[in-house]
Amino acid sequence: MNDGQYLFEQLVTADIGEEILAFVAEIYPICRSITGHGVRETLRAIGEHIKLEVHEVPTGTQVFDWGIPREWNIRDAYIRNERGEKILDLARSNLHIMSYSVPVRQRISLEELKQHVYTLPDQPDLIPYRTSYYAENWAFCMPHRLLEGLADETYEVVIDSTLADGHLTYGEYLHRGEIEDEFLLSAHVCHPSLANDNCSGVALLTHLAKRMAGFRTRYSYRFLFAPGTIGAITWLARNEDHVRHIKHGLVVSMVGDGGGPTYKKSRRGDAKIDRVLTHCLRHCGLTPAILEFSPYGYDERQFCSPGFNLPVGLFQRSQFGQIPQYHTSADNLDFIGADHLALSYHLIASAIEVVENDAVYRNMVARCEPQLGRRRLYGIIGGDKDAAAANMAMLWVLNLSDGQHSLLDIAEKAQLPFSMIRRTALVLQDHGLLTMDEASEKKVSQSGGDCVPATRSSGN
Ligand code: ZN
């Protein structure tokens, strides 16, 4: 038995939601993009909690079919009317500037200005989030109501930005377990002031890594904080020979709202992580959405590209693009809550509990049921409320512990939470009724998780 059997209890503490929320509030004001000082500042904040390794990859570096773009930084941006009043100011919201806007300093008419403004006519009070990473352009983003109220006059537009050779920056942290096999946990760090997407994911993973640092695990856990798409592509390009160690993975984004929970399966569809998340979400007391893989979404697109085909799924609360706050100024600190963050954290911790502790056992009294009453084993697990379920768990564990079924297999068949099945197995083991199968490790690791790149195996 490894220390992991207690990992879940150690990971979850009462104040975890508040701690994550406080870190979200700390990094929320930073003006991030896919490159630049905002990413560095965010990684520095993460690095105050965990020993983060920060990588700088120069502009122009080829990463598969992509190149590292020039680095973008912004100091100031505003629009002034003829009376010299700032009608829009970057200092008031990072979303006011389309990310990667090239520098501008000119006087233009309202008609010209309108060519460089994004609004949301259906949500007239919100600022949209827009980017133009790979096409040189500039634009302001503002509430539609503000645009409609602008007088027909000349405006001074200033964008004090730089787009120059520099670096793409990402950070990673490895928690070393007993084995080299890894669980990858990834969050994008490229969005500016959007609380749920994805300060919530960054903050949750930072605190999970921080909690985990104190104890031993069986798996190694790799935490990746990289800009969306280009960051994941860069990491994969630089770690191509390493990814065979990744046996489970989750992309974590939008975990601070009260929706979902949502799990989008890996491209494989039957990876162990897909089974684990499906199981954990079905027992969380809410109505989860379990989605099949699709090639649209977050960085699972890269991890699940055919040449890698890694067992990596996407965990979210509300699904991206499905809520009115998505990619707008309404995705702010009021939109997320400590209780939602705590539940999201709890769900990821419960998935880790399964991955760490799934094992195959053998019933020592396989011919007919052992006499449980004589051993005072009825009602030994849980309170009165779930005594019936606990007794069923015992019967399921005894019946299916034939060296062929893992604890997760049993939990699925019994439709009971993995944690209850695991506690039951430990009690039965203490009473000499159960023993771990000698080949348990091999049998469990065979139930999903081996990396078989689709294109290579088919010779394309
Ligand atoms: Zn987004």
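All values derive from a computational prediction rather than experimental measurement.

## Digging into the overall build of the chain
So, point 1. Across its full length, the chain carries 15 helices and 19 strands.
So, point 2. A compact globule built from 460 residues would reach a C-alpha radius of gyration of about 23 Å, and the chain, at 25 Å, matches this within 12%.
So, point 3. C-alpha extents for the chain along the principal axes are approximately 90 × 50 × 35 Å.
So, point 4. Expressed as a percentage of the 460 residues in the chain, the buried residues total 57%.
So, point 5. Sequence-distant contacts, at least 24 apart, represent 81% of the contacts inside the chain between residues at least 6 apart.
So, point 6. Surface accessibility of the chain: about 19400 Å² in total, with carbon and sulfur atoms responsible for 47%.
So, point 7. With 45 positive and 58 negative side-chain charges, the chain shows a spacing of 5 Å between the two charge centroids.

## Focus: the sheet that holds strand β18 (residues 402-406)
So, point 1. Here we have three strands laid out as an open sheet, ordered β18-β17-β19, and antiparallel in their pairing. Strand pairing shows two members of the sheet lacking a second neighbour, β18 and β19 (434-436), which therefore form its edges. In this sheet, neighbouring strand axes are inclined to one another by 35° on average, regardless of whether the strands run parallel or antiparallel.
So, point 2. Bridging between strand β17 (residues 360-363) and β18 involves two bridges; their strand directions are antiparallel. By the bridge assignment, Val 360 is partnered in β18 with Ser 406.
So, point 3. Running over the sheet, helix α12 (residues 407-414) touches β17 and β18 and is turned about 70° from β18.
So, point 4. Running at roughly 110° to β19, helix α13 (residues 418-430) makes contact with β17 and β19 of the sheet.

## Things to note about the sheet that holds strand β5 (residues 86-89)
So, point 1. Spatially, four strands are ordered β5-β4-β9-β6 in an open sheet, and the strand pairing comes out antiparallel. This sheet does not close on itself; its edge strands, each paired only once, are β5 and β6 (104-109). Recorded for the sheet is a direction-independent mean angle of 20° between the axes of neighbouring strands.
So, point 2. The pairing of strand β4 (residues 71-80) with strand β9 (residues 154-164) spans nine bridges and is antiparallel. Within β9, the position partnered with Ile 74 by the bridge is Ser 161.

## Section: the pattern of salt bridges
So, point 1. Going through the model one piece at a time under the given rule, you end up with 23 salt bridges.
So, point 2. Linking Arg 211 and Asp 15 is a salt bridge whose minimum nitrogen-to-oxygen distance equals 3.8 Å. In this pair, Arg 211 sits in helix α6 (residues 195-212) while Asp 15 sits in the loop between α1 (7-11) and α2 (16-27), placing the two residues 196 residues apart along the sequence.
So, point 3. Judged by its relative accessible area of 16%, Arg 211 falls in the buried class.
So, point 4. The partly exposed category is assigned to Asp 15, whose relative accessible area is 40%.
So, point 5. Among the salt bridges present, the one from Lys 443 reaches Asp 437, with a minimum N-O distance of 3.2 Å.
So, point 6. Judged by its relative accessible area of 7%, Asp 437 falls in the buried class.

## A short note on the packing of helix α10 (residues 338-357) against α13
So, point 1. Taken N-terminus to C-terminus, the directions of α10 and α13 make an angle of 40°; their axes are 10 Å apart at the nearest point. In terms of axis orientation, α10 runs oblique to α13. Where α10 crosses over α13, the handedness of that crossing is left-handed. Contact residues: α10 offers Glu 353, Val 354 and Asn 357, while α13 offers Phe 418, Ser 419 and Arg 422.

## A word on the coordination of the zinc ion
So, point 1. Coordination of the zinc ion by the protein involves His 191 (NE2), Asp 197 (OD) and His 327 (NE2), with metal-donor separations of 2.1 Å.
So, point 2. Between the donor residues of the zinc ion, the gaps in sequence give the motif H-x5-D-x129-H. Note that His 191 is positioned in the loop between β11 (182-188) and α6 and His 327 in the loop between β16 (312-316) and α10, a separation of 136 residues in sequence.
So, point 3. For His 191, a relative accessible area of 10% translates into the label buried.

## Remarks on the confidence of the model for the chain
So, point 1. Averaged over the chain, the pLDDT score is 93; the fraction of residues at 70 or greater is 94%.
So, point 2. Between residues 449-460, whose pLDDT stays under 50, and residues either more than four places distant or in other chains, the model counts 26 contacts.

## Comments concerning the domain arrangement of the chain
So, point 1. The domain architecture assigned to the chain consists of domain 1 (6-68 + 167-356), domain 2 (71-163) and domain 3 (360-436).
So, point 2. The straight-line distance from the C-alpha centre of domain 1 to that of domain 2 is 31 Å.
So, point 3. Each partner contributes to the interface: domain 1 provides 24 residues, whereas domain 2 provides 16 residues.
So, point 4. Between domain 1 and domain 2, roughly 1600 Å² of surface is buried when both sides are summed, and carbon and sulfur atoms account for 55% of that area.
So, point 5. Remark: the boundary between domain 1 and domain 2 carries one salt bridge.
So, point 6. The salt bridge partner of Glu 71 is Arg 40, with a shortest N-O separation of 3.0 Å.
So, point 7. Linking domain 1 with domain 2 are eleven residue pairs in polar contact (both at pLDDT 80 or more).
So, point 8. Classifying every residue of the side of domain 1 that touches domain 2 by side-chain character gives eleven nonpolar, eleven polar and two charged.

Quick notes on the rules
- Residues numbered from 1 in each chain as written.
- Predicted model: local features only at pLDDT ≥ 70, side-chain atom pairs only at ≥ 80, totals over all residues.
- Heavy atoms only, no water.
- Helix = DSSP H or I, 4+ residues; strand = E, 2+ residues; numbered from the N terminus.
- Rg over C-alpha atoms; globule rule 2.2 N^0.38 Å.
- Buried < 20%, exposed > 50% of the residue type's maximum accessible area, 1.4 Å probe, protein only.
- Contact = heavy atoms within 4.5 Å.
- Areas by Shrake-Rupley, 256 points an atom, 1.4 Å probe, with all protein chains shown as cover.
- Lys, Arg positive; Asp, Glu negative; His and termini not counted.
- Charge placed at Lys NZ, Arg CZ, Asp CG, Glu CD.
- Pairing = 2+ DSSP bridges.
- Axes fitted to C-alpha atoms, helices over the stretch in contact; angles between N-to-C directions.
- Salt bridge = Lys/Arg side-chain N within 4 Å of Asp/Glu carboxyl O.
- Parallel < 35°, antiparallel > 145°, perpendicular 65-115°, else oblique.
- Left-handed = near helix turned anticlockwise from the far one by under 90°.
- Donors = N, O, S within 2.8 Å, 3.2 Å for Na, K, Ca; no water.
- pLDDT = per-residue confidence, 0-100.
- Domains from an automatic or database assignment.
- Buried area = accessible area lost by both parts, 1.4 Å probe.
- Polar contact = N/O pair within 3.5 Å; in protein donor to acceptor, adjacent residues only side chain to side chain.
- Nonpolar A, V, L, I, M, F, W, Y, C, P; charged D, E, K, R; others polar.

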